[in-house]
Amino acid sequence: MPSQRLGLSDRLRYLVARARRIDVGSVLERAKEASEQHGKWTPRIVIDMLWSAGFNNVGFQDYIDYDFAILTRSERATYMTHPVSNQLSQKYDHPDYRYMFQDKVEFNRVFSDFLLRDWMVVTDGNADEVQAFVTAQKTVVTKEPVGQAGTGVHRYHAAEIADWAEFHRGLLERGELLIEEVIRQHEDLAAVCPGTVNTTRVTAFFDGRETHILAMAQKFGRGAVSDQMTFGGFYTMLGENGHSMGPGYDSHAHVHVKHPDSDFVIADFQLPMIDEVKAFVDQVARVVPQVQYVGWDIVVTPDGPVLVEGNWGAGVYENKPSVTGIRTGNKGRYRAAIGF
């Protein structure tokens, strides 16, 4: 793969484009946050953030999330960032096949063998089928076909639905067209947060022969329908053996040594069935080989891993030095697997 570094003209165009849409207030707010946390001079951080964004492919939130204000140049170079990840997605995820990941209904159809749960699609004339499905399941999750970061995901209990015709009509009007059985997670995950199905994000690259696991992060919810940060969730990075690398954290300066609701010590977490998870990722990565770079969301159940979704725009999960004491990231693993 050719170098992902931007040429000088590309960098200048990037800087100009970024400057045109930059939210100055947001940058200053982030810089002040880093200044207060790390005892650095705010104007210097602002300049460093702009320089890092324009010339080193570091997103503003990456700079904050991964504590770049306290890292050396060589330490920063070990971190994967969102701009670099986006370049990889554009290069290695074929545009003609991305719809299979963007549309949740299409994703379920393509990856049906790996969902290992019941699901159905809401249509104009199937109110009776919806009632029968939800009644049988007792609790269901509905999803809008296109959404991200947990948006468009809802949870309903059959016992709370009085008017099934109105319920069906509401699903159609709100675009909640996918209904799924609730996943029963492994007891080791439920011990941390039983009220949310806690997903494992496995970022992987399929080179046509071998599946390379680039990073693993365990997400934990707070009892809501989703474990995403928009629902109060957070994550911890996992090592190759599936063990937590330290406390949990999010992009809002929240650090969780223990889960706020269960008091489970996050650094003690061990993902169960780690070997099965790795084998499972290898299987799903081969279904659509034209989409090579994917962030897979998986849940380990008592019977093994099941697939929740795949994100062709994989996003980035990385280590946070001020929380874990570890001052290196996963970029070397990405480079070794992909060759950039």
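Criteria and cut-off values
- Residues numbered from 1 in each chain as written.
- Predicted model: local features only at pLDDT ≥ 70, side-chain atom pairs only at ≥ 80, totals over all residues.
- Heavy atoms only, no water.
- Phe/Tyr/Trp six-rings, centres within 6.5 Å; stacked < 30°, edge-to-face > 60°.
- Helix = DSSP H or I, 4+ residues; strand = E, 2+ residues; numbered from the N terminus.
- Buried < 20%, exposed > 50% of the residue type's maximum accessible area, 1.4 Å probe, protein only.
- Lys NZ or Arg CZ within 6 Å of the ring centre and 35° of its normal.
- Axes fitted to C-alpha atoms, helices over the stretch in contact; angles between N-to-C directions.
- Parallel < 35°, antiparallel > 145°, perpendicular 65-115°, else oblique.
- Left-handed = near helix turned anticlockwise from the far one by under 90°.
- Contact = heavy atoms within 4.5 Å.
- Nonpolar A, V, L, I, M, F, W, Y, C, P; charged D, E, K, R; others polar.
- Expected span 1.5 Å × (residues − 1).
- Arc of directions from axis to C-beta.
- Pairing = 2+ DSSP bridges.

Asks: Break down the packing of aromatic side chains for me, citing the residues and quoting the values.
Replies: Enumeration according to the criterion identifies 18 aromatic pairs in this entry. On the numbers, 4.9 Å between centres and 80 degrees between planes, the contact of Y235 with Y317 is edge-to-face. Of this pair, Y235 sits in strand 7 (residues 234-238) while Y317 is found in the loop between strand 11 (304-311) and helix 14 (321-324), placing the two residues 82 residues apart along the sequence. The same class applies to Y235 as to Y317, namely buried. Residues Y293 and Y334 carry aromatic rings whose centres are separated by 6.3 Å and whose planes lie at 70 degrees to one another, so their mutual orientation is edge-to-face. Residue Y293 is located in strand 10 (residues 293-301), and its partner Y334 is located in helix 15 (residues 331-338); the two are separated by 41 residues in the primary sequence. Residue classification places Y293 among the buried residues on the basis of a relative accessible area of 0%. One aromatic cluster is present, formed by Y63, Y66, F68 and Y79 through successive ring pairs. When the ring centre of Y92 is taken as origin, the NZ or CZ atom of K91, which lies over that ring, is 5.7 Å away. A cation over a ring is seen here: R98 above W312, with NZ or CZ 4.1 Å from the ring centre.

Asks: Would you mind going over the packing of helix 2 (residues 24-38) against helix 3 (residues 42-56) in detail, with residue names and values included?
Replies: Close contact between helix 2 and helix 3 brings their axes to 9 Å; oriented N to C, the two are set at 120 degrees. For the element pair helix 2 / helix 3, the angle class is oblique. By crossing handedness, the relation of helix 2 to helix 3 is classed as right-handed. Contacts from V27, L28, R30, A31, K32, A34 and S35 of helix 2 reach helix 3 at T42, I45, V46 and M49. The residue makeup of the contact of helix 2 with helix 3, split by class, is seven nonpolar, two polar and two charged.

Asks: An account of helix 13 (residues 274-285) is needed here, citing residue identities and associated values.
Replies: Its 12 residues give helix 13 an end-to-end C-alpha distance of 17 Å, which sits within 8% of 16 Å, the value for a rise of 1.5 Å per residue. Of the positions making up helix 13, those classed as buried are I274, V277, F280, V281, V284 and A285. The buried residues of helix 13 occupy an angular sector of 130 degrees when projected down its axis, which confines them to one face. Among the structural elements, helix 9 (112-115), strand 5 (200-206), strand 6 (211-220), strand 10 and strand 11 are those in contact with the buried residues of helix 13.

Asks: Account for helix 3, naming residues and giving values.
Replies: The end-to-end C-alpha distance of helix 3 is 20 Å, a good match for the 21 Å that 15 residues give at a rise of 1.5 Å each. If you check which residues of helix 3 are buried, you get I45, V46, M49, S52, A53 and G54. Phi turns positive one or two residues past the end of helix 3, at N57, with a value near 55 degrees.

Asks: Could you give me a rundown of unusual backbone geometry, with the residues and numbers involved?
Replies: Unlike most non-glycine residues, A253 shows phi in positive territory, near 65 degrees. With respect to the helices and strands, A253 occurs in the loop between strand 8 (248-249) and strand 9 (255-256). Look at D263: it is not a glycine, yet its phi comes out positive at around 65 degrees. Position of D263 relative to the elements: it lies in the loop between strand 9 and helix 13. Classification of D263 by relative accessible area gives exposed; the value is 53%.

Asks: So what's going on with the packing of helix 10 (residues 127-137) against helix 11 (residues 164-174)? Residues and values would help.
Replies: Packed helices, taken two at a time, are described by the angle between their axes plus the distance between the axes. Between helix 10 and helix 11, whose axes approach to 9 Å, the crossing angle comes to 100 degrees. The angle between helix 10 and helix 11 falls in the class roughly perpendicular. Contacts between helix 10 and helix 11 involve A127, V130, Q131, V134 and T135 from the former and W164, F167, H168 and L171 from the latter. Grouping the constituent residues of the contact of helix 10 with helix 11 by class yields six nonpolar, three polar and no charged.

Asks: Just give me the short version of the sheet that holds strand 4 (residues 178-181), but keep the residues and values in it.
Replies: Within the open sheet, the four strands sit side by side as 1-4-2-3. Their pairing is antiparallel. Unpaired on one side and paired on the other, strand 1 (119-121) and strand 3 (153-157) mark the two borders of the sheet. Along the sheet, successive strands turn relative to each other by an average axial angle of 25 degrees, direction set aside. As judged from the five bridges shared by strand 2 (residues 139-143) and strand 3, these two strands associate in the antiparallel manner. Among the inter-strand pairings, K143 is bridged to a residue of strand 3, identified as V153.

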